[in-house]
Amino acid sequence: MAVEEISRPRRAGRARPALWYQSWRVYLAVFVALLAYAYGWRVTQIHLGELWRGAYLIRPFIAALASPDVVAREQQLQRGTAYFYYGGERPAAAPGGGPRLTLSRVTGAIGDRVTAAGEGFAPNRRGVLWWENQVGQRQQLGSFTTDAQGRFSLAFTAPEVQGTHNMVIAEVLIGEGPLRPSQTLLVVLDRMVETVFLALMGTTMGVVFAVPLSFLGAKNLTASLPAGGVVYGVTRTFFNLMRSIEALVLAIIFTVWVGLGPFAGVLALGVHSIASLGKLYSEAIESIDAGPIEAVTATGASALQVVRYAVVPQIVPQFIAFTIYRWDINVRFSTVIGFVGGGGIGFVLQQYINLLQWRQAATALWMIALVVAALDYTSAVVRERII
Amino acid sequence: MYGGGTRALSDVSFEVARGEFLIIIGLSGSGKSTLLRCINRLIEPTSGRVVVAGHDVTAASPRQLREIRRKIGMIFQQFNLVRRASVLTNVLTGRLGYLPPAWALANYFPAALVDRAMANLERVGIPEKAFVRGDALSGGQQQRVGIARALMQEPELILADEPVASLDPATSHSVLRYVEELNKRDGITVLCCLHFLSLARRYGTRILALKAGQIVFDGHPNDINDARFAEIYGEDAIEVEIR
């Protein structure tokens, strides 16, 4: 009986709510959403086909990610050289010593067939014959293998190059040194250290200025000051304005001001951190328990003593947590601040990408990923300990 | 006396003799806490005059006000300890009014003061808790730290804002006995807000009743009979006794 009484009102009177597909509002909303997305699709020029058509362009980069330029072996080479001049001028004899390389002719024109003969090289080794033009640019003419007496012979066509004074070089690989860090790795490491310290200095600058400012931006503390409302308003407005300008924009401004390099990056991160940390700190101060402030004030303590003994002990853990969090963000951010000339690893990464040096770019990317992930993890552990 | 749209207190005028244990009772919102806070100007009265030991509190400059506050200890319903600081530091903060502000930056207290803080902790029976964090103590212990903190001021007057409202009956008595001892032995005047009439009768030498910001009773504890009680707390109230 009771059950029936509960279920009765539904059956009896009240109009049943319309089902969703019976409401014209639903159709209007769907129509508006479709319009918005159709326009969005067009205006952002989404062409999914490009993903497929352009795949060959990015393939070398994907491949490079699997083989970043991290280690190298020092190669020990045997080298023989000979000159070849375009035009009538006869070149001087090549520097002597070591293996000898002789050419069937030493002057000529583009397209001439020339035979290179070498002797005195290490026997049964693979080697490469290079053409080096007047400004030292090399191109490969062919490869060869020396015979049991250390001789070889290779015919080539004189290539089309600028300048007249050219050199032919034969190089035979006779051994490899131990593995060692590659030049790229050293450069990337150097820049990564710069990046981490850029973040450190930027964060420090933020903390140094944000801590005192945050007291002025806390409503509960400024309320008792003369003109406290004005101080509070000005501080908070400054925080909000500075926060709304991205650090990348600040970096561009500071590179104009103090020149390219990490100092501009430090200033950009620092100013942005002042605003962000200041706001977080202020809110932490506003959320503290007012009781101890009242108690310490009632003992006749001065404002400084009240802040030191009633405010500071309450905010220290939150301040530390916010600072570590900011340092986290700054490390990540300092990896891209180099794109606009603010120093750090972003600078070399951009260079590698622009020069299509994919393996070097991959090295930089892996370095960023590893260091940022490691710092992320450490700061998470530290933050957990503190709070 | 107190502005901002609502008048918390009006036409409240009374004198307290040195050495009295004055208990202020009244419903929640009747103005008890406001009255206490007007005495050391934690709340600025909009009009009227407060005079403590010959000093006009309401007319005092910030510096004079701090000097007057040094002589007025205060204990709170929520104890108001700094939770993350040690008990000893909490007790020492009671003495801040006498110390140069710059010492605060180095967190420096003279050794003699530390000894006195320890002595005061011993007096309230918890010397072994000196180096424990404030929030590690029970409610009753925290309130005793609050009393030790007020003692550091060597006060002439103690304002107690519902000191036992957050405590159980047994602890309430033990805390109030410490306050009573300060009143009887050290001759410190006490102004104390209480909820329970039974506690008021047991500890007070005089009772002041507030209703809607006005004094409705001022007299000896034993003079509050049922009619008076109904007048203070409303017709429907029933007296709850705490032993």
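Residues numbered from 1 in each chain as written. Chains lettered and ligands numbered in written order. Predicted model: local features only at pLDDT ≥ 70, side-chain atom pairs only at ≥ 80, totals over all residues. Heavy atoms only, no water.

1. A closer look at the overall build of chain B
So the rule is basically this: For helices the rule is a DSSP run of H or I covering at least 4 residues; for strands it is a run of E covering at least 2, with both sets numbered from the N terminus onward. Partly exposed describes any residue whose relative accessible area lies between the buried limit of under 20% and the exposed limit of over 50%, with all areas from a 1.4 Å probe on protein chains only and scaled to the type maximum. Whether two residues touch is decided by their heavy atoms; if any such pair falls within 4.5 Å, the residues are in contact. Each accessible area is a Shrake-Rupley estimate made with a 1.4 Å probe; only the visible protein chains count as cover when residues are assessed.
The secondary structure content of chain B amounts to eight helices and eight strands. Across the 243 residues that make up chain B, the buried fraction comes to 52%. At a minimum sequence separation of 6, the contacts of chain B that also span at least 24 residues come to 71%. Accessible surface computed for chain B: about 11,000 Å², of which carbon and sulfur atoms make up 48%.

2. Observations regarding the overall build of chain A
If you tally the helices and strands in chain A, you get 13 helices and eight strands. Going through the 387 residues of chain A one by one, you find that 40% of them count as buried. Sequence separation of 24 or more characterises 70% of the internal contacts of chain A that already satisfy a separation of 6 or more. Surface exposure of chain A reaches about 22,500 Å², of which carbon and sulfur atoms provide 64%.

3. Notes on the nonpolar core
Quick note on the threshold: Among buried residues, the Ala, Val, Leu, Ile, Met, Phe, Trp, Tyr and Cys ones that are joined through side-chain atoms within 4.5 Å form a nonpolar core.
Ile-25 and Leu-121 of chain B are the most contacted members of the largest nonpolar core, which totals 69 residues. If you look at the next biggest cluster of nonpolar residues, it comprises 24 residues, including Leu-35, Ile-39, Val-50 and Val-57 of chain B.

4. Observations regarding the packing of helix H11 (residues 303-334) of chain A against helix H13 (residues 358-386) of chain A
Residues and elements named next belong to chain A. We count it as follows: Convention adopted: a line fitted to C-alpha atoms gives each axis, helices being fitted over their contacting stretch, and angles between N-to-C directions are expressed from 0 to 180 degrees. Oblique is the label for every angle not falling under 35 degrees (roughly parallel), over 145 degrees (roughly antiparallel), or within 65 to 115 degrees (roughly perpendicular).
Running from N to C, H11 and H13 point in directions that differ by 175 degrees, and their axes come no closer than 10 Å. When the axis of H11 is compared with that of H13, the two are roughly antiparallel. Residues Pro-317, Ile-320, Ala-321, Ile-324, Tyr-325, Trp-327, Asp-328, Val-331 and Arg-332 of H11 lie in contact with H13, whose contacting residues are Val-372, Leu-375, Asp-376, Ser-379, Val-382, Arg-383 and Ile-386.

5. As for the packing of aromatic side chains
All names here are of chain A. This is how it is decided: When the centres of two rings from Phe, Tyr and Trp lie within 6.5 Å, Trp using its six-membered ring, the rings pair. Their planes under 30 degrees apart give stacked, over 60 give edge-to-face, and anything left gives tilted.
Under the definition given, this model contains 14 aromatic pairs over all chains. Geometrically, the ring pair formed by Trp-131 and Phe-156 is edge-to-face, given 6.1 Å between the ring centres and 70 degrees between the ring planes. Taken together, the residues Trp-131 in strand S5 (residues 126-132) and Phe-156 in strand S7 (residues 152-157) connect sequence positions 25 residues apart. One exposure class covers both Trp-131 and Phe-156, and it is buried. Plain terms: the ring middles of Tyr-281 and Phe-319 are 3.9 Å apart, the flat faces sit at 10 degrees to each other, and that makes the pair stacked. Of this pair, Tyr-281 sits in helix H9 (residues 262-286) while Phe-319 sits in helix H11, and the two are 38 residues apart along the sequence.

6. Notes on the UniProt feature "transmembrane region" (unreviewed entry) in chain A
All names here are of chain A. Spelled out, the test is: UniProt positions are given in the numbering used here, feature names are shortened, and annotations may be inferred rather than shown by experiment.
The UniProt record marks residues 24-41, 196-216, 247-271, 333-353 and 365-382 with the feature "transmembrane region" (unreviewed entry), using the residue numbering of this structure. Taken end to end, residues 24-41 comprises 100% helix and 0% strand; its first and last C-alpha atoms sit 26 Å apart. End C-alpha to end C-alpha, residues 333-353 measures 19 Å, and it is 52% helix and 0% strand.

7. So, a nonpolar patch on the surface
Let me state the cut-off plainly: Exposure above 30% relative accessible area and the absence of a salt bridge qualify a residue for a patch, where like charges join within 9 Å and nonpolar side chains (Val, Leu, Ile, Met, Phe, Trp, Tyr) within 5 Å. Any carboxyl oxygen of Asp or Glu within 4 Å of a side-chain nitrogen of Lys or Arg constitutes a salt bridge here.
A contiguous nonpolar surface patch, about 570 Å² in accessible area, is contributed by Trp-24, Leu-28, Phe-31, Val-32 and Leu-35 of chain A. When you line up the elements, Leu-35 of chain A lands in helix H2 (residues 24-43).

8. Here we look at the interface of chain B and chain A
Think of interface size as the accessible area that goes away when the parts come together; that is how it is often given. Here is the rule we go by: Two parts lose some accessible area (1.4 Å probe) when they are put together, and adding that loss for both gives the buried area.
Between chain B and chain A, the contact holds 29 residues from the first and 19 residues from the second. Taking both partners together, chain B and chain A bury about 2,000 Å²; carbon and sulfur atoms supply 63% of that area. Summed over the shared surface of chain B and chain A, the number is one salt bridge. A salt bridge links Glu-294 of chain A to Arg-37 of chain B; the shortest N-O distance between them is 2.5 Å.

9. Details of the side chain of Arg-326 of chain A
Residue and element names in this part refer to chain A. Put simply, the rule is: When charges are counted, neither His nor the chain ends are considered; positive counts come from Lys and Arg and negative counts from Asp and Glu.
Looking at the secondary structure, you find Arg-326 in helix H11. At 7.4 Å, Glu-246 is the nearest oppositely charged side chain to Arg-326, a buried residue that forms no salt bridge. If near-sequence neighbours (up to four positions away) are discounted, Arg-326 is found in contact with His-272, Ser-273, Ser-276 and Leu-277.

10. Here's the deal with the pairing of S5 of chain A
Residue and element names in this part refer to chain A. For clarity, the cut-off: DSSP calls a pair of strands paired once it identifies at least 2 bridges connecting them.
Bridge count for S5 against strand S6 (residues 138-145) is seven bridges, and the pairing is antiparallel. Across the sheet, residue Gly-127 finds its bridge partner in S6, namely Phe-144. Both S5 and strand S8 (residues 165-181) contribute to a ladder of six bridges, which runs antiparallel. The residue of S8 that forms the bridge with Trp-130 is Ile-169.

11. Re the sheet that holds strand S2 (residues 100-103) of chain A
Residues and elements named next belong to chain A. If you walk across this open sheet you meet the three strands as S2-S4-S7, and the pairing is antiparallel. Taken across any chain shown, the strands that pair with only one partner, and hence form the sheet edges, are S2 and S7. With direction set aside, neighbouring strand axes in the sheet form an average angle of 20 degrees. Two strands pair when backbone bridges link them, and strand S4 (residues 113-119) and S7 are joined in this way by six bridges, in the antiparallel orientation. Each bridged residue has a counterpart across the sheet, and for Gly-118 the counterpart in S7 is Phe-152.

12. Observations regarding the confidence of the model for chain B
When pLDDT drops low, the exact placement of atoms in the prediction is not to be read closely. Quick reminder of the rule: Per residue, pLDDT captures the predictor's confidence, and it can take any value from 0 to 100.
Within chain B, residue pLDDT values average 85, and 93% of them lie at 70 or more. Note on residues 1-5 of chain B: pLDDT under 50 across the span, and 13 contacts to partners over four residues away in sequence or across chains.

13. Side note on the sheet that holds strand S3 (residues 107-108) of chain A
Working definition: the strands of a sheet are paired by backbone hydrogen bonds and lie parallel or antiparallel to each other. Residue and element names in this part refer to chain A. Pairing is mixed in the open sheet, where five strands are placed in the order S3-S1-S8-S5-S6. Single-partner strands in this sheet number two, and they are S3 and S6. Note: strand S1 (residues 71-86) against S3, two bridges, orientation parallel. Within S3, the position partnered with Tyr-85 by the bridge is Thr-107.

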